[in-house]
Amino acid sequence: MPTPPLPTPLPPSFAPRLVRTLYGDRATEPRPLASGAWSQAYALTLDGAEVVLRVGAHGEDFAKDEAVARLAGPGLPVPPVLARGEAEGWAYAVSGRVRGTALDDLSGEAVARTLPSLLRALDAAARVDLAGTSGYGIWTPDGRAPHASWPEALLAIGTETPRVPGWRAALVDSGIGLGPVEAGLSALAALTPCLPDARRLIHGDLLSRNVLAGEAGITGVLDWGNALYGDPLYDAAWLLHWWPWYPGWRPGDLHAALLTHWRATGPTPAHLRERLHAYLLHIALDALAYCASRGRWDEVRAHVGTVLTLASAGGGESVLIPAGA
């Protein structure tokens, strides 16, 4: 999955200038580390310690990282946010650096070894205390999400957002039209009676270099800007959806790890297949809209195919869902 550049180019001189202004000679020169859809990361040291500077247009993402780092227990490795603010129209955050290899870059054998620790980390996320928060769906740094129920949050995927604008008109103009979206939404709505009213912390973006791993397992879970409140099975569906996009990763490894984990941690979740089916629909619709807004038409067509396959299947029936579930 290619990662697009920032929507607005970040001036190369900005990060060095910001570091000098904030820290003077306490910090080393920032070195570009990685670029994502919403921010650019830099490596540096501050008072001798390794840190990461991130710069982007959406400061609320960094505020959410800070909130999760504050609440996360030892089972959920989230680096602390040491400072954040705004300068010259850009938001920035300085965080502790965790070392590891991005999940996306692991071989099939390595990712299979890493999965059990990732699933344990997701369980730890689901145990985060959400007292004082409200709503379902993508939440803001004050802990509030906009929807009154989990099904309502999922069905809102058919509505454009400020971050992902113009995708409906783009689909119409492309000749693909809105038919696949309407089919997906209809199938998703039919599955909502099977969904729980659980309201737990969901990461919602586990790939795109947001999970780091070492020999002993997960070392960091980064970038909580897309985090939601809802059913924690959503993160399992995220892995199921994107797994085939990594040719070296064997689907059987993920299916086996998920089923082994669920059986080891309690009874198999109720309505498992229907819930995963609903979340796979939502994730494919989300990816379709995002790629259409960016003009990534080869990917749009792939996601359209996934949506139509899922929409035409019976409730809970999909080749993307573990056969033994």
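Residues numbered from 1 in each chain as written. Predicted model: local features only at pLDDT ≥ 70, side-chain atom pairs only at ≥ 80, totals over all residues. Heavy atoms only, no water.

Within the protein, the secondary structure is distributed over 10 helices and 11 strands. For 325 residues, the compact-globule estimate of 2.2 N^0.38 gives 20 Å, and the protein sits close to it at 20 Å. Taking all 325 residues of the protein together, the buried fraction comes to 50%. Partitioning the contacts of the protein with sequence separation of at least 6, the portion at a separation of at least 24 is 67%. When the accessible surface of the protein is split by element, carbon and sulfur atoms take 55% of a total near 14,200 Å². For the protein, the centre of its 26 positive side-chain charges and the centre of its 32 negative side-chain charges are spaced 3 Å apart. (Helix = DSSP H or I, 4+ residues; strand = E, 2+ residues; numbered from the N terminus. Rg over C-alpha atoms; globule rule 2.2 N^0.38 Å. Buried < 20%, exposed > 50% of the residue type's maximum accessible area, 1.4 Å probe, protein only. Contact = heavy atoms within 4.5 Å. Areas by Shrake-Rupley, 256 points an atom, 1.4 Å probe, with all protein chains shown as cover. Lys, Arg positive; Asp, Glu negative; His and termini not counted. Charge placed at Lys NZ, Arg CZ, Asp CG, Glu CD.)

Our focus in this paragraph is the pairing of strand 3 (residues 49–56). With respect to burial, strand 3 is a largely interior element, six of its eight residues being buried. With eight bridges connecting them, strand 2 (residues 39–46) and strand 3 associate as antiparallel partners. Bridge pairing links Q40 to V55 in strand 3. Taken together, strand 2 and the strand that follows it, strand 3, pair antiparallel across an intervening segment of two residues, in which D47 is found at a positive phi of about 55 degrees. (Pairing = 2+ DSSP bridges.)

By size, the foremost hydrophobic cluster in this structure holds 65 residues, and its most contacted members are L76, W150, L201, W224, Y234 and Y279. Top contributing element to this core by residue count: helix 3 (residues 108–126), with nine residues. Not counting residues within four places of it along the chain, the set of residues in contact with L76 comprises V68, A121, A124, A125, V128, V221 and W224. (Core = buried A, V, L, I, M, F, W, Y, C linked by side-chain atoms within 4.5 Å.)

Throughout the structure, instances matching the rule amount to nine aromatic pairs. If you follow R199 out to its NZ or CZ, it ends over the ring of Y229, 4.9 Å from the centre. (Phe/Tyr/Trp six-rings, centres within 6.5 Å; stacked < 30°, edge-to-face > 60°. Lys NZ or Arg CZ within 6 Å of the ring centre and 35° of its normal.)

Another aspect to go through is the side chain of R275. Tracing the backbone shows R275 in helix 9 (residues 272–294). R275 has contacts with C194, L195, P196, D231, L233, P269 and A270, leaving out every residue within four places of it along the chain.

Whenever strands of a sheet pair, they do so through backbone hydrogen bonds, lying parallel or antiparallel. Spatially, the five strands line up as an open sheet ordered 1-2-3-5-4, and their pairing is antiparallel. Sheet topology places strand 1 (31–35) and strand 4 (81–87) at the edges, where each strand pairs with a single neighbour. Recorded for the sheet is a direction-independent mean angle of 25 degrees between the axes of neighbouring strands. Bridge count for strand 4 against strand 5 (residues 90–96) is six bridges, and the pairing is antiparallel. Among the inter-strand pairings, E86 is bridged to a residue of strand 5, identified as A91. The strands that helix 2 (residues 59–71) touches are strand 2, strand 3, strand 4 and strand 5; relative to strand 4, the one it contacts most, it runs at about 165 degrees. (Axes fitted to C-alpha atoms, helices over the stretch in contact; angles between N-to-C directions.)

In this section: the confidence of the model for the protein. Here the protein averages 93 in pLDDT, and 95% of its residues register 70 or above. Of the regions scoring below 50 in pLDDT, residues 1–7 engages in 28 contacts with residues more than four places distant in sequence or in other chains. (pLDDT = per-residue confidence, 0-100.)

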